[in-house]
Amino acid sequence: PLTASQAAQVPIPLSLSLRLPSLPTLRSSRAMAAEEAEAERPRTGKNKYRRAKPWDHDGIDHWKQEEWNEGDMAGGPLLEESSFATLFPKYREKYLREVWPMVTRALQKAGIGCELNLIEGSMTVKTTRKTWDPYSILKARDVIKLLARSVPAPQALKALEDNVACDIIKIGGLVRNKDRFVKRRQRLVGPDGSTLKALELLTGCYVLVQGNTVSAMGPHKGIKQVRKVVIDCMENIHPIYNIKTLMIKRELAKDPTLANQSWDRFLPRFQKRNVKRRKPQKVRDTAARTYTPFPPAQQPSKVDMQLESGEYFLSAEQKESLKQLEKTQTAARKSAAKRAAHEAELEAPRESSRRGKKRARASED
């Protein structure tokens, strides 16, 4: 047998040395037992192929937005240029020309270049070598979209902040009938904008209804609520129902005992009801009618009318020529009526008696 000093001098193969863990990497027996118990637990459903993630635990806030300051981009300036462009309507040209210096100064702070093309009617934003936040180009894209949808420039520039998101909801294709679309859009605004103001207070968002779109700015949760209310309104669900539900949820959120409970028992349940309108009853005037026990005379059929006029005995060619003759006569009557109406428009209007007297006096003088 080898002694301890001789055993220490025996070379260990490289493949075997890689498999032997070092002392600092050895895990405790308790952790290994927990992993074995987790492995022995039966996996069913969606957990069948799910593996343990030691880097993810309950103490991590996945919704927390980390601050990004100038100088955090360790890789240096961006290698490629990214740009976004959007068109704007003609009536926004004057306003955009006035506020464009303010927009340019705000975007230069984030290292974003911008261009206003009045010939094409477009706005363009692009990254530069001074861009220190790679996500700022997407924020700048949202800014020019909001400016094109009639959002005031001071409000649109708030989209550059990290805690402000925006959404442009298209409502033009949700309702086919134009009159019905206008009524439902006005229902979303409410009398003197009261419905829209209540929605802004409950969601903490800025909402603007313009044409076929609804622009919303604010936190992500509030924007999601605004989109639901707007789409439901276009689907003939009055906004007051959703506003009432939001008010109840706002009060329930203040109670910490209900944080882990279901709120379904507190929320109202509105059922859609199709109430049929009563048609006005027609009142018949029976004073002039006289009662007769006999049924009315039978109306002549199509064959009887043809027999009476002699058309029944005509051939197919004669019937066709008769139809063409009737069409020609009808067209001649219509053209004569249109010609007479056109000639009536060209006739000079008759002068009034006062003007005639004045002209007669002037000729005498």
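Caption draft 1: Geometry of the overall build of the protein chain. Counting secondary structure elements, the protein chain contains 13 helices and six strands. By residue count, 22% of the 365 residues in the protein chain fall in the buried class. Across the protein chain, the fraction of contacts at a sequence separation of at least 24, relative to all contacts at a separation of at least 6, is 57%. Taken as a whole, the protein chain presents about 30100 Å² of accessible surface, with 53% of it coming from carbon and sulfur.

Caption draft 2: Looking closely at a positive patch on the surface. A contiguous patch of positive charge on the surface is contributed by K279, K282, R284 and R289. Relative to the elements of secondary structure, K282 occurs in the loop between α10 (239-252) and α11 (302-309).

Caption draft 3: Summary view of helix α5 (residues 136-148). Between its terminal C-alpha atoms α5 stretches 19 Å, which fits the 18 Å expected from 13 residues at 1.5 Å a residue. Counting buried positions over the 13 residues of α5 gives ten, a clear majority of the element. Residues S136, I137, K139, A140, D142, V143, I144, L146, L147 and A148 constitute the buried set of α5. One or two steps after α5, the chain reaches S150, where phi turns positive at roughly 70°.

Caption draft 4: Region of the structure containing the sheet that holds strand β6 (residues 213-218). Pairing in this open sheet of three strands is antiparallel, and the strands run β4-β6-β5 from one edge to the other. Where the open sheet ends on each side, the last strands, each with one partner, are β4 (165-170) and β5 (206-210). Taking the axes of each pair of neighbouring strands and ignoring which way they run, one obtains an average angle of 15° across the sheet. As paired strands, β5 and β6 are joined by five bridges and run antiparallel to one another. If you follow V209 over to β6, its bridge partner there is V214. Lying over the sheet, α5 contacts β4 and β6, oriented at roughly 45° with respect to β4. Strands in contact with helix α9 (residues 220-234) are β4, β5 and β6; relative to β4, the strand with the most contacts, it is inclined by about 10°.

Caption draft 5: Up close: the pattern of salt bridges. Following the criterion strictly, the structure yields six salt bridges and no others. With a shortest N-O distance of 3.5 Å, K254 and E251 are connected by a salt bridge. Using a relative accessible area of 48% as the deciding quantity, one classes E251 as partly exposed.

Caption draft 6: Quick peek at the sheet that holds strand β3 (residues 122-127). Spatially, the three strands line up as an open sheet ordered β1-β3-β2, and their pairing is antiparallel. At either margin of the open sheet sits one strand with a lone partner, and together these are β1 (83-87) and β2 (112-117). Averaged over all pairs of adjacent strands, the angle between strand axes in this sheet comes to 15°, irrespective of strand direction. Taken together, the six bridges between β2 and β3 define a ladder with antiparallel strand orientation. Each residue of the ladder has a partner; that of L116, found in β3, is M123. Along the sheet, helix α4 (residues 93-109) makes contact with β2 and β3, crossing β2 at roughly 165°. Sitting on the sheet, α5 touches β1, β2 and β3, and the angle it makes with β3 is about 170°.

Caption draft 7: Here's a closer look at the packing of helix α8 (residues 194-203) against α9. At their nearest, the axes of α8 and α9 sit 9 Å apart, and the two run at 150° to each other. With respect to each other, α8 and α9 are oriented roughly antiparallel. Once α8 is placed against α9, the crossing between them reads as right-handed. Residues L199, L202 and T203 of α8 form the contact with α9, whose own contacting residues are G222, Q225, V226 and V229. For the contact of α8 with α9, a count of residues per class yields four nonpolar, three polar and no charged.

What counts as what
- Residues numbered from 1 in each chain as written.
- Predicted model: local features only at pLDDT ≥ 70, side-chain atom pairs only at ≥ 80, totals over all residues.
- Heavy atoms only, no water.
- Helix = DSSP H or I, 4+ residues; strand = E, 2+ residues; numbered from the N terminus.
- Buried < 20%, exposed > 50% of the residue type's maximum accessible area, 1.4 Å probe, protein only.
- Contact = heavy atoms within 4.5 Å.
- Areas by Shrake-Rupley, 256 points an atom, 1.4 Å probe, with all protein chains shown as cover.
- Patch = residues over 30% accessible without salt bridge, like charges linked within 9 Å, V, L, I, M, F, W, Y side chains within 5 Å.
- Salt bridge = Lys/Arg side-chain N within 4 Å of Asp/Glu carboxyl O.
- Lys, Arg positive; Asp, Glu negative; His and termini not counted.
- Charge placed at Lys NZ, Arg CZ, Asp CG, Glu CD.
- Expected span 1.5 Å × (residues − 1).
- Pairing = 2+ DSSP bridges.
- Axes fitted to C-alpha atoms, helices over the stretch in contact; angles between N-to-C directions.
- Parallel < 35°, antiparallel > 145°, perpendicular 65-115°, else oblique.
- Left-handed = near helix turned anticlockwise from the far one by under 90°.
- Nonpolar A, V, L, I, M, F, W, Y, C, P; charged D, E, K, R; others polar.

Functional significance is not addressed by these values, which are geometric in nature.
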